[in-house]
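Each chain, written out:
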Amino acid sequence: MKYVVSLLFLSLTAASPAVAAGPIKIVAAENFYGDVARQIGGDAVEVVSILNNPDQDPHLFEASPSVARAISDARIVIANGVDYDPWIGTLLSASPSSARKLIVVGDLAGKKTGDNPHLWYDPRNVLAMARQLSSVLAEEDAANISVYARRLADFEASLQPVSDRIAEVRGHYAGTPVAATEPVFGYMFDALGLEVKETSFQNSVMNDTEPSASDVAAFENDLKTHKIKLLVYNSQATDPAAERLKSLAEQAGIPVVGATETQPDGKSYQSWMMSGVAEVGKAFGMPTQ
Ligand SMILES: [Zn+2]
């Protein structure tokens, strides 16, 4: 009898620490937030990123049952918000949990529906997400509070070269007129101090409305007459109007830089941002370092 009791006791004591010691499950709606979550959480977390295919248009994403399961199992969910990933809210309310923590980057950035949702093209927004995640992890796993604080400091330090490069491009080219086929790169344009033209066209595309004929004509004319010095082309969410602008820019000898919505394979968030800034600098003729 004593033997049975001690076995029972053993299995109970073994079970509870095993639950606490399991990885903290994080679901990131977008893979760049998932990458940063891995950088901050390290071995203590298990991260699933939902939007991770740079060949698919995230604006047209529909969640599958496996996505719903991942979200219902998650302890922490990271969403962009600003109506970029509205399916997250639907899935969260389908499986309510008071224990689950939700981080919405749009809220941290003070943005609302109707604002440009491509928040990750401003590294300060991603740093705000990393800070929030680090404090949520410290609450969930207090024993490792100093580990999360150190990883956050490392992450912040790793963004410094990106900020330095942004400042360098800005120093040389602030005020240069540029345009894009869609506002994916908008926050980076702002960080670089560039003058963004054709915003009415871009807002129509973002809001899924047809750009007006006069907006299209003005855009085409500005390309033909070199009023725009760089065209950023969203290579992930394409349509015939954007393709036409891209080929007009190429014919006019205006540099075209591709931008994606989703972090490409083989890149970290930091290296992805760095290569975007470097490509803009290169397009303007800034010597590469
Ligand atoms: Zn987009």
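Before reading on, note that the structure itself is shown above.
Described below are features of the structure shown in this document. For clarity, every value in this text was computed on a predicted model and none was experimentally measured.

### Some words on the coordination of the zinc ion
Argument step 1. Only His59 (NE2), His118 (NE2), Glu182 (OE), Glu261 (OE) and Glu261 (OE) from the protein coordinate the zinc ion, and they sit 1.9 to 2.8 Å from it.
Argument step 2. Counting residues between consecutive donors of the zinc ion along the chain gives the motif H-x58-H-x63-E-x78-E. With His59 in the loop between strand S2 (45-51) and helix H3 (65-73) and Glu182 in the loop between strand S5 (177-180) and helix H8 (186-192), the pair connects residues that are 123 residues apart, well separated along the chain.
Argument step 3. For Glu182, a relative accessible area of 4% translates into the label buried.

### Observations concerning the sheet that holds strand S6 (residues 195-196)
Argument step 1. The strand order across the open sheet formed by 4 strands is S6-S5-S7-S8, and the pairing between neighbours is parallel. Of all the strands in the sheet, just S6 and strand S8 (256-259) have a single pairing partner and so form its edges.
Argument step 2. Direction of pairing for S5 relative to strand S7 (residues 231-234): parallel, over a ladder of 2 bridges. Residue pairing across strands places Ala179 opposite Leu231, the latter belonging to S7.
Argument step 3. Of the strands in this sheet, S7 and S8 touch helix H11 (residues 240-251), which is tilted by about 145° from S7.

### Some thoughts on H11
Each α-helix winds once per 3.6 residues, and so residues spaced three or four apart point in a common direction.
Argument step 1. With 12 residues, H11 extends 16 Å from end C-alpha to end C-alpha; this agrees with the ideal 16 Å at 1.5 Å per step.
Argument step 2. If you check which residues of H11 are buried, you get Ala242, Leu245, Leu248 and Ala249. Looking straight down H11, one finds that the buried residues subtend no more than 120° of arc, so they occupy a single side. With respect to the buried face of H11, the exposed residues turned more than 90 degrees away are Pro240 and Gln251.
Argument step 3. The inward-facing, buried residues of H11 abut helix H9 (199-206), helix H10 (213-224), S7 and S8.
Argument step 4. Two residues or fewer past H11, Gly253 is found with a positive phi of approximately 75°.

The rules behind these values
- Residues numbered from 1 in each chain as written.
- Predicted model: local features only at pLDDT ≥ 70, side-chain atom pairs only at ≥ 80, totals over all residues.
- Heavy atoms only, no water.
- Donors = N, O, S within 2.8 Å, 3.2 Å for Na, K, Ca; no water.
- Helix = DSSP H or I, 4+ residues; strand = E, 2+ residues; numbered from the N terminus.
- Buried < 20%, exposed > 50% of the residue type's maximum accessible area, 1.4 Å probe, protein only.
- Pairing = 2+ DSSP bridges.
- Contact = heavy atoms within 4.5 Å.
- Axes fitted to C-alpha atoms, helices over the stretch in contact; angles between N-to-C directions.
- Expected span 1.5 Å × (residues − 1).
- Arc of directions from axis to C-beta.

Interpretation in functional terms is not warranted from these geometric data alone.
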